[in-house]
Amino acid sequence: PLVTACVAAWLAWDTLSKEGPTIKISFDSAEGLEAGKSLLKFKDIVFGTVKNLELSPDHKRVVATVATVRKAEPLLTDQTEFWVVKPRLFAGSVSGLETLLSGAYIGMRPGPVGGKAKHEFVGSENPPVLEADVAGHTFLLKAARLGSISVGSPVFFRDLNVGEVLGWDIADMAESVTIHVFIREPFDRYVHDDTRFWNASGVSLKLGGTGVELQMESI
């Protein structure tokens, strides 16, 4: 009995020592998320699991309760951003492909070090503008419309994949969209004042709980 009690106490301590704070993230809908299955990830590392999905008090949003691990605690600040990662297909490039088998998950981008701790968040419906971790430069492209471009859409130069779309934001009172494009070295040296960018007529495919959404540019 003494050995059993010691083992039980050690297991309980081991479990509690690895648990982090429980957080709540609200989204417009729970599309793709499942309680007890959907994960919280950052750089493909699991930092938590969705434990419960419920409506907000005003019934306008869905609140996901996430049980995090201990190592996630310093990342949960007032600057941290969350969004739902779903599979997307563009011009032969597939992003979020792993979600076809494992299901959608919540992506996380921590803010700068030193932020104020926070446990309740408002999730975004679109991925934030990401940051590249390889050598190169980010350029801002102003366009009238986003079209079929999505986060992770490739950038081609002479049929070579030289970069990708990091994200976008709305500018000039919603009259245009600014697309953040990252070009890897050494191809970034070819971008100058006369460089032209255009939509290469790709196909955008989004799979979710409501079905298949297909968007195609003119051939």
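For clarity, every value in this text was computed on a predicted model and none was experimentally measured.

## Here we look at the packing of aromatic side chains
Consideration 1: For the coordinates displayed, the defined rule picks out three aromatic pairs.
Consideration 2: Judged by centre distance (6.4 Å) and plane angle (50°), the rings of F42 and F47 are tilted.
Consideration 3: Residue F42 is classed as partly exposed on the basis of its relative accessible area of 22%.
Consideration 4: The exposure class assigned to F47 is buried, which follows from its relative accessible area of 6%.
Consideration 5: Taking 5.7 Å as the distance between ring centres and 25° as the angle between the ring planes, the aromatic pair formed by F157 and Y190 counts as stacked. On the criterion of sequence distance, the pair formed by F157 in strand β11 (residues 154–157) and Y190 in the loop between β13 (176–184) and β14 (203–208) is long-range, its members being 33 residues apart.

## As for the pattern of salt bridges
Consideration 1: One pass over the full model with this rule turns up three salt bridges.
Consideration 2: A salt bridge links R70 to E73, with the nearest nitrogen and oxygen atoms 3.4 Å apart.
Consideration 3: The class for E73 is partly exposed, based on a relative accessible area of 37%.

## A look at the pairing of strand β3 (residues 45–55)
Consideration 1: Bridge count for strand β2 (residues 39–42) against β3 is four bridges, and the pairing is antiparallel. Across the sheet, residue F42 finds its bridge partner in β3, namely I45.
Consideration 2: Direction of pairing for β3 relative to strand β4 (residues 62–69): antiparallel, over a ladder of seven bridges. Residue pairing for β4: N52 is matched across the bridge by T65.
Consideration 3: With antiparallel pairing between neighbouring strands as the criterion, β3 and β4 make up a hairpin whose turn holds six residues, including H59 at a positive phi of roughly 65°.

## Focus: the sheet that holds β2
Strand pairing in a sheet takes place through backbone hydrogen bonds and is either antiparallel or parallel in direction.
Consideration 1: In space, the seven strands of this open sheet follow the order β5-β8-β2-β3-β4-β1-β9, with mixed pairing throughout. The open sheet has two free edges, formed respectively by β5 (81–85) and β9 (120–122), since each of these has just one partner strand. Averaged over all pairs of adjacent strands, the angle between their axes in this sheet comes to 30°, without regard to strand direction.

## Describing a nonpolar patch on the surface
Consideration 1: Taken together, the side chains of V3, V7, W10 and L11 define a hydrophobic patch exposed on the protein surface, amounting to about 410 Å² of accessible area.
Consideration 2: Within the secondary structure, V7 is located in helix α1 (residues 2–18).

## Here we look at the nonpolar core
Buried together is how nonpolar side chains tend to be arranged in soluble globular proteins.
Consideration 1: Grouped together as the largest cluster of nonpolar side chains are 17 residues, with contacts concentrated most on I23, I25, F27, L40, V66, F82 and I106.
Consideration 2: Going through the elements one at a time, β1 (19–27), β3, β4, β5 and β8 (105–109) are the ones with two or more residues in this core.
Consideration 3: When residues in this core are grouped by element, the largest group, three residues, is from β1.
Consideration 4: Sequence-distant contacts of F27, defined by excluding residues within four places in its chain, comprise L33, R61, V62, A64, F82, W83, V84, I106, G123, S124 and E125.
Consideration 5: Within the second largest apolar cluster, eight residues are counted, among which are L141, V155, V162 and V165.

## Concerning the environment of L140
Consideration 1: Note that L140 resides in strand β10 (residues 136–143).
Consideration 2: Classification of L140 as exposed rests on a relative accessible area of 56%.
Consideration 3: In this structure the C-alpha to C-alpha distance between L140 and T178, which are 38 residues apart in sequence, comes to 6.2 Å.
Consideration 4: With residues near it in sequence (within four places) discarded, L140 still touches T178, I179 and H180.

Cut-offs and rules
- Residues numbered from 1 in each chain as written.
- Predicted model: local features only at pLDDT ≥ 70, side-chain atom pairs only at ≥ 80, totals over all residues.
- Heavy atoms only, no water.
- Phe/Tyr/Trp six-rings, centres within 6.5 Å; stacked < 30°, edge-to-face > 60°.
- Buried < 20%, exposed > 50% of the residue type's maximum accessible area, 1.4 Å probe, protein only.
- Helix = DSSP H or I, 4+ residues; strand = E, 2+ residues; numbered from the N terminus.
- Salt bridge = Lys/Arg side-chain N within 4 Å of Asp/Glu carboxyl O.
- Pairing = 2+ DSSP bridges.
- Axes fitted to C-alpha atoms, helices over the stretch in contact; angles between N-to-C directions.
- Patch = residues over 30% accessible without salt bridge, like charges linked within 9 Å, V, L, I, M, F, W, Y side chains within 5 Å.
- Areas by Shrake-Rupley, 256 points an atom, 1.4 Å probe, with all protein chains shown as cover.
- Core = buried A, V, L, I, M, F, W, Y, C linked by side-chain atoms within 4.5 Å.
- Contact = heavy atoms within 4.5 Å.

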